[in-house]
Amino acid sequence: MKNNNLEFLKNDKLKKVFKSKGMSSFYSSLIAITCGLIVGFIVMLIINPTQAFAGLGNVIAGGFSGGNVGIANVFYYATPIIMTGLSVGFAFKTGLFNIGATGQYTMGMYFALYAAFMWQNVIPNAILWIVCILMGILGGAIWGIIPGLFKAFLNVNEVITAIMFNYIGMYLVDMLIKNNGAMFTATQQRTKVPPIASNVPKMGLNYIFPNTNINGGILIAILAAIILWVILNKTTFGYELKACGYNKEAARYAGINSRQKIIISMVIAGAMAGLGGALMILAGNSNIYEPINSLAANGFTGIPVALLGMSNPLAIVVAGLFISHLQRGGFYIQLLNFSPEIIDVIIGVIIYFSAFALIFKNILATLSAKNKKKKCNR
């Protein structure tokens, strides 16, 4: 009898696990990824049928195709898109769509560069990189607070202001850099290489991945994700932020200052994107910025990363690594005479199916709630 009860409890627990929010999100993401790979394979079949299977193999293998260097590159290129993914995902959790991550990313990059070049003789070398990163966070936060203020006090849709400030930020940064001789090389139309002391240290990862581009930025990104997860799920402050996202009027009725929470949400989202820009430009691989009046792609890549991670900070880390893994695969399929833009097609399809998965998930949740109410009324 005891054994039967134990078996029942085990089965009941398994059912709960598989019906849990986390598992349903995982299934949704898995379906979106599978659909994206299928569409990518069809495109490769149309372009070059004889190499399509090999091309798909390279895409799936991704960073592993390059061995130790390839895996290190996955971490290296994942760092900024994890940060912009956290920026977009955090805003989603609080009911806001931060499409301005690319402007905040660019502003964070500029603030970090400014500190690196202008303060290199003032701040001790040992802490210069820390100051640069803090400045990057500040730059992103400043650019995030502006749409937040418009939303909180004037009820202007944050999407509109964020898009506008993407372009304002891009042109402003380009202008400021071009007019600063300490940062800009006019003959080459790009910034100078940041001083070595401003580079993010390797933090021991160079021993695991010797002779690669990897640095401690990925560890900082993971730490940021953990902090955001704790804030959202384990603190009253995080609960209030999410409450404003679910229902602003109900939150206000419960005594929560919704205006304040909107502003804080956008500040945190902007800070995450700004940190991503700082970590990229201070990566220590002779990174430079070219003022070419073009929006930073890493800011927009954060959107599929956030969607694929269902706005869960920890899942966003995994999603960022996966997207970076696919992008490395895009690099290797060029050896088979395929265009690397196929990866953009795959990622685009993943975005659409991730969005559809969220819609279907909400519909199913609504239907399930209605069925439960009917059963209770009986």
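To be clear, the structure that these remarks concern was listed above.
Calculation rules
- Residues numbered from 1 in each chain as written.
- Predicted model: local features only at pLDDT ≥ 70, side-chain atom pairs only at ≥ 80, totals over all residues.
- Heavy atoms only, no water.
- Helix = DSSP H or I, 4+ residues; strand = E, 2+ residues; numbered from the N terminus.
- Buried < 20%, exposed > 50% of the residue type's maximum accessible area, 1.4 Å probe, protein only.
- Contact = heavy atoms within 4.5 Å.
- Areas by Shrake-Rupley, 256 points an atom, 1.4 Å probe, with all protein chains shown as cover.
- Axes fitted to C-alpha atoms, helices over the stretch in contact; angles between N-to-C directions.
- Parallel < 35°, antiparallel > 145°, perpendicular 65-115°, else oblique.
- Left-handed = near helix turned anticlockwise from the far one by under 90°.
- Nonpolar A, V, L, I, M, F, W, Y, C, P; charged D, E, K, R; others polar.
- Salt bridge = Lys/Arg side-chain N within 4 Å of Asp/Glu carboxyl O.
- Phe/Tyr/Trp six-rings, centres within 6.5 Å; stacked < 30°, edge-to-face > 60°.
- Lys NZ or Arg CZ within 6 Å of the ring centre and 35° of its normal.
- Lys, Arg positive; Asp, Glu negative; His and termini not counted.
- Polar contact = N/O pair within 3.5 Å; in protein donor to acceptor, adjacent residues only side chain to side chain.
- Core = buried A, V, L, I, M, F, W, Y, C linked by side-chain atoms within 4.5 Å.
- Expected span 1.5 Å × (residues − 1).

K.L.:
Where do I start with the overall build of the protein in this structure?
P.N.:
Each helix and strand in the protein was counted, giving 15 helices and two strands. Across the 378 residues in the protein, those meeting the buried criterion constitute 47%. In the protein, the share of contacts with a sequence separation of at least 24, taken over all contacts with a separation of at least 6, comes to 75%. Of the roughly 19000 Å² that the protein leaves accessible, carbon and sulfur atoms contribute 66%.

K.L.:
Help me out: how do you make sense of the packing of helix 4 (residues 67–93) against helix 13 (residues 297–308) in this one?
P.N.:
When two helices pack together, their arrangement is given by the angle between their axes and by how far apart the axes lie. At their nearest, the axes of helix 4 and helix 13 sit 7 Å apart, and the two run at 60° to each other. Considering the angle they form, helix 4 stands oblique to helix 13. Handedness of the helix 4/helix 13 crossing: right-handed. Together, Pro80, Ile81, Thr84, Gly85, Val88, Gly89 and Phe92 of helix 4 and Asn298, Gly299, Thr301, Gly302, Ile303, Val305, Ala306 and Leu307 of helix 13 make up the contact between the two elements. Looking at the contact of helix 4 with helix 13 residue by residue, the class counts come to eight nonpolar, seven polar and no charged.

K.L.:
Would you mind showing me how to read the environment of Ala112 here?
P.N.:
Its place among the elements puts Ala112 in helix 5 (residues 101–118). Put simply, Ala112 and Cys132 are 20 residues apart on the chain and 4.5 Å apart in space, counted from C-alpha to C-alpha. Once residues within four sequence positions are removed from consideration, Ala112 is found in contact with Cys132, Met135, Gly136, Ala278, Ile281 and Leu282.

K.L.:
Help me out: how do you make sense of the pattern of salt bridges in this one?
P.N.:
Proximity of charged atoms lets side chains of opposite charge pair with each other. Inspection of the entire model under this criterion finds two salt bridges. One salt bridge connects Lys151 with Glu158, and the closest N-O pair in it is separated by 3.4 Å. Both residues of the pair, Lys151 and Glu158, belong to the buried class. Close ionic contact of Glu240 with Lys261 constitutes a salt bridge, the shortest N to O distance being 3.4 Å. Remark: Lys261 occurs in helix 12 (residues 258–281) and Glu240 occurs in helix 10 (residues 236–246); sequence separation between them is 21 residues. Take Glu240: its relative accessible area is 22%, and that puts it in the partly exposed class.

K.L.:
Any chance you could explain the packing of aromatic side chains here in plain terms?
P.N.:
Going through the model one piece at a time under the given rule, you end up with eight aromatic pairs. Ring centres 6.1 Å apart and planes at 80° place the aromatic pair Tyr110 and Phe111 in the edge-to-face group. Here Tyr110 and Phe111 have matching classes, each one buried. Taken together, the aromatic side chains of Tyr110, Phe111, Tyr114 and Trp119 make up a single cluster linked through ring pairs. Above the face of the Tyr77 ring, Arg328 is positioned so that its terminal group lies 4.1 Å from the ring centre.

K.L.:
Would you mind showing me how to read the side chain of Ser258 here?
P.N.:
Among the structural elements, Ser258 can be located in helix 12. If sequence neighbours within four positions are ignored, Ser258 has contacts with Cys244, Lys248 and Arg252.

K.L.:
Please explain the side chain of Asp174 as it appears in this structure.
P.N.:
Here Asp174 lies in helix 7 (residues 158–178). Of the side chains bearing the opposite charge, Lys178 lies closest to the buried Asp174, which forms no salt bridge; the N-O distance is 5.9 Å. Engagement of the side chain of Asp174 in a polar contact is seen with the side chain of Tyr289, the distance being 2.7 Å. Not counting the four nearest positions on each side in its chain, Asp174 is found in contact with Tyr289, Pro291, Ile292 and Asn293.

K.L.:
I tried to follow helix 10 on my own but got confused; where do I start?
P.N.:
Of the positions making up helix 10, those classed as buried are Gly238, Leu241, Lys242, Ala243 and Cys244. Its buried side turned inward, helix 10 meets helix 4, helix 9 (217–234), helix 11 (248–253) and helix 12.

K.L.:
Which parts of the structure should I look at to understand the nonpolar core?
P.N.:
Note on soluble globular proteins: their nonpolar side chains tend to be buried together. By size, the foremost hydrophobic cluster in this structure holds 85 residues, and its most contacted members are Val59, Met83, Leu86, Ile133, Leu326 and Ile346. The element that contributes the greatest number of residues to this core is helix 5, accounting for eleven residues. Filtering out sequence-adjacent residues up to four positions away, Leu326 remains in contact with Leu37, Val59, Ile343, Ile346, Ile347 and Ile350. Within the second largest apolar cluster, seven residues are counted, among which are Ala91, Ala152, Ile262 and Ile263.

K.L.:
What is the right way to read unusual backbone geometry from this model?
P.N.:
Most peptide bonds take the trans form, and the phi angle of most residues other than glycine is negative. Even without a glycine there, the phi angle at Met203 is positive, about 55°. Tracing the chain through its elements places Met203 in the loop between strand 2 (190–191) and helix 8 (205–208). Its relative accessible area of 38% is what places Met203 among the partly exposed residues. The phi torsion at Ser311 lies on the positive side, around 65°, for a residue other than glycine. Position of Ser311 relative to the elements: it lies in the loop between helix 13 and helix 14 (313–332).

K.L.:
Help me out: how do you make sense of helix 13 in this one?
P.N.:
A turn of α-helix holds 3.6 residues, and therefore any two residues three or four places apart point the same way. Taking 1.5 Å per residue, twelve residues should reach 16 Å; helix 13 reaches 17 Å between its end C-alpha atoms and fits that length. Taken across its twelve residues, helix 13 has nine buried, putting it largely inside the fold. Burial in helix 13 covers these residues: Gly299, Thr301, Gly302, Ile303, Pro304, Val305, Ala306, Leu307 and Leu308. Once helix 13 ends, the next one or two residues include Met310, with phi positive near 50°.

K.L.:
What exactly am I supposed to notice about the packing of helix 4 against helix 9 here?
P.N.:
One way to put it is that helix 4 packs onto helix 9 with a least axis distance of 8 Å and a crossing angle of 15°. Accordingly, the angle class assigned to the pair helix 4 and helix 9 is roughly parallel. As for the relative orientation of helix 4 and helix 9, their crossing is left-handed in sense. Counting all contacts with helix 4, which are made through Phe75, Thr79, Ile82, Met83, Leu86, Phe90 and Lys93, the residues of helix 9 involved are Gly217, Ile218, Ala221, Ala224, Ala225, Leu228 and Leu232.

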